[in-house]
Amino acid sequence: LEVSRNPIYSSSQSKIVKMLPHLLPELEIFDFTFWFDDKLPPPPESSTLQAVNLLEDLGLPFALSEHPEPGGNILLELQRAQRQARYLMQNQQMIDYITYELENGGRLSRSAMYQGGLILRNMRHGRVESFNEDWYTRSQQCGTEDQLSLNFVTEEFEFAPLYRWY
């Protein structure tokens, strides 16, 4: 797959790997997949193994990381996104998406925000594929800033634990 120089298109390309790993034949042999964003340092192996054990012990599909920035409000995440040129190009799309979610029962405030930069998946769990596909669909509606759609999806699924890798 040739990577595009267009920041919006190249972001869409990476979302297939990030959000839809169950569709990649190369990953079918793995019970767990772990995504970490290239903007983050790799987490310690010991904490990742602890997270795998947590998922196995509790029978959970995911471990997601809490957003490092304070404030549990979607609008704060939108505001952070608006400071970056690649997200600002889709500002109206993000606003329209948030409006849609709010009109359909979504909430702005929450006790904590997830970040999409660290995602451990139990690929054998029955809810992983539907979560992945819902997140991907919503991210296409929202635009390149998938943190916004991630937090609306987790609100509905209500099963992803916060995990601190660092």
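Everything below is about the structure printed above this text.
Colleague: I keep staring at the overall build of the chain and nothing clicks. Help me out?
Modeller: Helix and strand counts for the chain stand at seven helices and four strands. N-terminal to C-terminal, the α/β element order of the chain is α-β-α-β-α-α-α-β-α-α-β. Considering only intrachain contacts with a sequence separation of at least 6, the fraction spanning at least 24 residues in the chain is 77%. Surface summary for the chain: the accessible area is close to 8,900 Å², and the carbon and sulfur share equals 53%.

Colleague: Help me understand the nonpolar core, please; the structure alone is not making it clear to me.
Modeller: As a rule of thumb, soluble globular proteins bury nonpolar side chains together. Formed by 13 residues in total, the largest nonpolar core has its most connected members in Phe62, Leu64, Ile119, Phe131, Trp135, Leu150 and Val153. Elements that contribute at least two residues to this core include exactly strand S2 (62-66), strand S3 (114-122), helix H6 (128-142) and helix H7 (146-157). Beyond its immediate stretch of four places on either side in the chain, valine 153 contacts Phe131, Asp134, Trp135 and Arg138. In this structure, Ile74, Cys142, Leu148 and Phe152 belong to the second largest nonpolar core, which totals 11 residues.

Colleague: Explain the packing of H6 against H7 to me, please; I cannot follow it from the model alone.
Modeller: Interhelical geometry of H6 versus H7 gives an angle of 140 degrees and a closest axis separation of 9 Å. Compared by their axis directions, H6 and H7 come out oblique. Judged by the twist between their axes, the crossing of H6 over H7 is right-handed. Across from Ser130, Phe131, Asp134, Trp135, Arg138, Ser139 and Cys142 in H6, the residues of H7 making contact are Asp146, Leu148, Ser149, Leu150, Phe152, Val153, Thr154, Glu156 and Phe157. Looking at the contact of H6 with H7, its residues break down into eight nonpolar, four polar and four charged.

What counts and what doesn't
Each chain carries its own residue numbering, running from 1 in the direction its sequence is written. Totals for whole chains, interfaces and linings use every residue, but because this is a predicted model, local features are given only for residues with pLDDT of at least 70 and side-chain atom pairs only at 80 or more, for both listing and counting. Neither water nor hydrogens contribute to the side-chain values; these are computed over all heavy atoms in the structure. A run of H or I in DSSP counts as a helix once it spans at least four residues, and a run of E counts as a strand once it spans at least two, with each numbered from the N terminus. Two residues qualify as a contact provided that any one of their heavy atoms is within 4.5 Å of a heavy atom in the partner residue. Exposure was quantified through the Shrake-Rupley algorithm and a 1.4 Å probe, taking into account, for residues, occlusion by the shown protein chains and nothing else. Buried residues of nine kinds, namely Ala, Val, Leu, Ile, Met, Phe, Trp, Tyr and Cys, make up a nonpolar core once their side-chain atoms join them within 4.5 Å. Think of it in three bands: residues with accessible area under 20% of the maximum for their type are buried, residues over 50% are exposed, and the middle band is partly exposed, with areas taken using a 1.4 Å probe on protein chains only. Helix axes are fitted to C-alpha atoms over the stretch in contact, other axes to C-alpha atoms as well, and angles between N-to-C directions run from 0 to 180 degrees. Each angle gets one of four labels, with under 35 degrees taken as roughly parallel, over 145 as roughly antiparallel, 65 to 115 as roughly perpendicular, and the rest as oblique. When the near helix sits turned anticlockwise from the far one by under a right angle, the crossing is termed left-handed; a clockwise turn instead gives a right-handed crossing. Residue polarity is assigned by list, with Asp, Glu, Lys and Arg as charged and Ala, Val, Leu, Ile, Met, Phe, Trp, Tyr, Cys and Pro as nonpolar; anything else, Gly included, falls into the polar class.

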